[in-house]
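# Observations on the model geometry
Now for the letters of each chain:
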Amino acid sequence: MTDAHPTAPTRGEVPRDTLIRWLNEYLNVPGIQDLSLNGLQIEGTDVIRRVAASVDSSAKTIQHAADAGADLLLVHHGLFWGKALPITGPHRTRVRTALMADLNLYAAHLPLDAHPEVGNSAMIAQALSLQGAQPFAEWMGTRGGWYGELPFEQSLQDFADRVQKLTGEICLVHGGGIPTVRRLGIVTGSGAEYIAEAAALGLDTLLTGEPEHKHFHDAFEYGVNVVYAGHYETEVFGVRALAAKLEEEFGLPWQFLHHPTGL
Ligand SMILES: [Zn+2]
């Protein structure tokens, strides 16, 4: 008779390959096209006992993860984006820092934006009690945002204050639409491209990370309020929720490495 769970890992100590397989499946990494090379980007130690999570994979965050004794660093913005890069300059420093520390680096970009349970937009939607959330904002075949209705209408300023409480940072507000917020779309990071889609869906407000200059006029000409809460600040939610999920599933302790960019 065989054990029903022959490879079930001990809590608090998981073979790397088991954990990576679980992550790839949970996040649907093979099923989501992206510019980011999602999944394990740098292979480190064979067994994972401690996890770190950060938004970016700068040399500083990688060094911080190594200093914190992490075996796995989960990031939203990894090191490899759709084209071959020589291992030189800052890119070399980042790769070398991880390799020297025997640190596994795992990136989840679009799979984490779009995830219904631990995704960046889904976590903000949950924090704001968004009702009847539906996916929108398609990029490379995957919809990475959610839209729906807030349980109550509030003024644009009150809404921006609420978002500020959530992220800890002051929002940039472009009041292109009606002065109240009820029908809301959320696209974390660089989501201002979806102002037109927000207007087409009849949303009064889009909550996103950061604009390009041209998006100022889009907000007013499409008649949509846009609340910019920061690319970094809107994308801390997914990696934190994912690391917490690993703790729940595998008993792995984790910490968030906060390296804000102010953008
Ligand atoms: Zn991003």
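All values derive from a computational prediction rather than experimental measurement. (Residues numbered from 1 in each chain as written. Predicted model: local features only at pLDDT ≥ 70, side-chain atom pairs only at ≥ 80, totals over all residues.)

Turning our attention to the UniProt feature "binding site: a divalent metal cation" (unreviewed entry) in the protein chain. Taking the UniProt record as the reference, the feature "binding site: a divalent metal cation" (unreviewed entry) is found at His76, His77, Asp113, His231 and Glu235. For the residues just named, distributed over 160 residues, the greatest C-alpha separation is only 12.1 Å, placing them together at one site. His76 sits in the buried class, given 27 other C-beta atoms within 10 Å. Secondary-structure assignment places His231 in helix α9 (residues 231-234). (UniProt positions renumbered as here; feature names shortened; annotations may be inferred. Buried ≥ 20, exposed ≤ 12 C-beta atoms within 10 Å, placed from the backbone. Helix = DSSP H or I, 4+ residues; strand = E, 2+ residues; numbered from the N terminus.)

Our next topic: the packing of helix α5 (residues 120-127) against helix α10 (residues 236-250). Interhelical geometry of α5 versus α10 gives an angle of 90 degrees and a closest axis separation of 7 Å. On the basis of the axis angle, α5 is roughly perpendicular to α10. Facing α5, whose interface residues are Asn120, Met123 and Ile124, α10 presents Phe237, Gly238 and Ala241. (Axes fitted to C-alpha atoms, helices over the stretch in contact; angles between N-to-C directions. Parallel < 35°, antiparallel > 145°, perpendicular 65-115°, else oblique. Contact = placed C-beta atoms within 7 Å.)

Examined against the element boundaries, Ile62 turns out to sit in helix α2 (residues 59-67). Spatially, the C-alpha atoms of Ile62 and Val173 are 33 Å apart, while their sequence positions differ by 111 residues. Not counting residues within four places of it along the chain, the set of residues in contact with Ile62 comprises Ser57, Leu73, Arg94, Thr97, Ala98 and Leu103.

Right, let's talk about the pairing of strand β8 (residues 142-155) for a bit. Summarising the sheet, strand β7 (residues 131-139) and β8 pair through 6 bridges and their orientation is antiparallel. From the neighbouring strand, Gln134 faces β8, where its bridge partner is Tyr147. Once β7 ends, the chain turns through 2 residues before running back antiparallel as β8, passing Met140 with a positive phi of about 50 degrees. As paired strands, β8 and strand β10 (residues 180-187) are joined by 6 bridges and run antiparallel to one another. Looking at β10, one finds that Ser155 is bridged to Thr180. (Pairing = 2+ DSSP bridges.)

Right, let's get into unusual backbone geometry. Outside of glycine, negative phi angles account for most residues, and trans bonds account for most peptide bonds. The phi torsion at Asn28 lies on the positive side, around 55 degrees, for a residue other than glycine. Assignment of secondary structure puts Asn28 in the loop between α1 (16-26) and β2 (39-42). Of note, Ala137 is a non-glycine position whose phi angle comes to about 65 degrees, a positive value. By the element assignment, Ala137 lies in strand β7. Since 25 C-beta atoms lie within 10 Å of it, Ala137 is described here as buried.

In contact at an axis separation of 9 Å, α2 and helix α3 (residues 89-100) are set at 10 degrees when each is read in the N-to-C sense. Classed by the angle they form, the pair α2 and α3 counts as roughly parallel. Taken together, the residues of α3 that come into contact with α2 (itself represented by Ala59, Ile62, Gln63 and Ala66) are Pro90, Thr93, Arg94, Thr97 and Ala98. Residue composition of the contact of α2 with α3, by class: 5 nonpolar, 3 polar and 1 charged. (Nonpolar A, V, L, I, M, F, W, Y, C, P; charged D, E, K, R; others polar.)

Quick look at α10 now. The terminal C-alpha atoms of α10 lie 21 Å apart, and with 15 residues this matches the ideal 21 Å at 1.5 Å per residue to within 8%. Along α10, the residues that are buried comprise Val236, Phe237, Gly238, Val239, Arg240, Leu242, Ala243 and Leu246. Considering only its buried residues, α10 is in contact with β4 (51-56), β5 (72-77), α4 (110-114), α5, α9 and β13 (254-256). Count one or two residues on from α10 and you reach Gly251, which has phi positive near 70 degrees. (Expected span 1.5 Å × (residues − 1).)

Right, let's talk about the pairing of strand β6 (residues 104-107) for a bit. Burial along β6 is two-sided: the residues Asn104 and Tyr106 and Leu105 and Ala107 are all buried. Sheet analysis places β2 next to β6, joined by 3 bridges and oriented antiparallel. Residue pairing for β6: Ile42 is matched across the bridge by Leu105. Sheet topology places β5 next to β6; 4 bridges connect them, and they run parallel. Among the inter-strand pairings, Leu72 is bridged to a residue of β6, identified as Asn104.

Sheet strands line up and pair through hydrogen bonds in the backbone, either parallel or antiparallel. In space, the 5 strands of this open sheet follow the order β2-β6-β5-β4-β13, with mixed pairing throughout. Both edges of this open sheet fall to β2 and β13, since each of them pairs with a single strand only. For this sheet, the mean angle separating the axes of adjacent strands, direction not counted, is 30 degrees. As paired elements, β4 and β13 share 3 bridges and run parallel to each other. In the sheet register, Ala53 faces β13, and the bridge partner there is Phe256.

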